[in-house]
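Reading the structure
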Amino acid sequence: MSEKEQIQEVHKLSQDILRTLLKDGYEGNNSGLRKAVELLSRSVGDLSVMHGKRDICHEDLLKGTLAKVRISYNAVQNNK
């Protein structure tokens, strides 16, 4: 998967998470939501490092970020 495709997937999943959380009647359990927030925070941190430092391996950082966002998405979806 190219860098552009990975970034697009991160964006898509983040939008899906928002839509799920903002639905009327959504009630997630605290542990699942806490895990999702932690992973999303780490993802934001990774992306800020990637943006600020040009000499790091973007491919590895994006793979890790995408994995964290996917896990967050699953945590939110499984707590509907």
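It should be noted that the structure appears before, not after, this text.
Residues numbered from 1 in each chain as written. Predicted model: local features only at pLDDT ≥ 70, side-chain atom pairs only at ≥ 80, totals over all residues. Heavy atoms only, no water.

For the rest of this paragraph, the subject is helix 1 (residues 3-22). In this model helix 1 runs 29 Å from its N-terminal to its C-terminal C-alpha over 20 residues, within 8% of the 28 Å that 1.5 Å per residue would give. Among all positions in helix 1, only Gln6, Val10, Leu13, Asp16, Ile17 and Thr20 are buried. All buried residues of helix 1 project into a common sector of 130° when viewed along the axis, lining one side. Of the exposed residues in helix 1, the ones pointing more than 90 degrees away from its buried face are Lys4 and Leu22. (Helix = DSSP H or I, 4+ residues; strand = E, 2+ residues; numbered from the N terminus. Expected span 1.5 Å × (residues − 1). Buried < 20%, exposed > 50% of the residue type's maximum accessible area, 1.4 Å probe, protein only. Arc of directions from axis to C-beta.)

As a further point, take the side chain of serine 72. Relative to the assigned elements, serine 72 resides in helix 3 (residues 58-77). With relative accessibility at 0%, the residue serine 72 sits in the buried group. Among all residues touching serine 72, those that are not within four sequence positions of it are Ile17, Ala36, Leu39 and Leu40. (Contact = heavy atoms within 4.5 Å.)

By size, the foremost hydrophobic cluster in this structure holds 5 residues: Ile17, Tyr26, Ala36, Ala75 and Val76. Those residues in contact with valine 76 that sit more than four places away from it in its chain are Ile17, Thr20, Leu21, Tyr26, Leu33 and Ala36. (Core = buried A, V, L, I, M, F, W, Y, C linked by side-chain atoms within 4.5 Å.)

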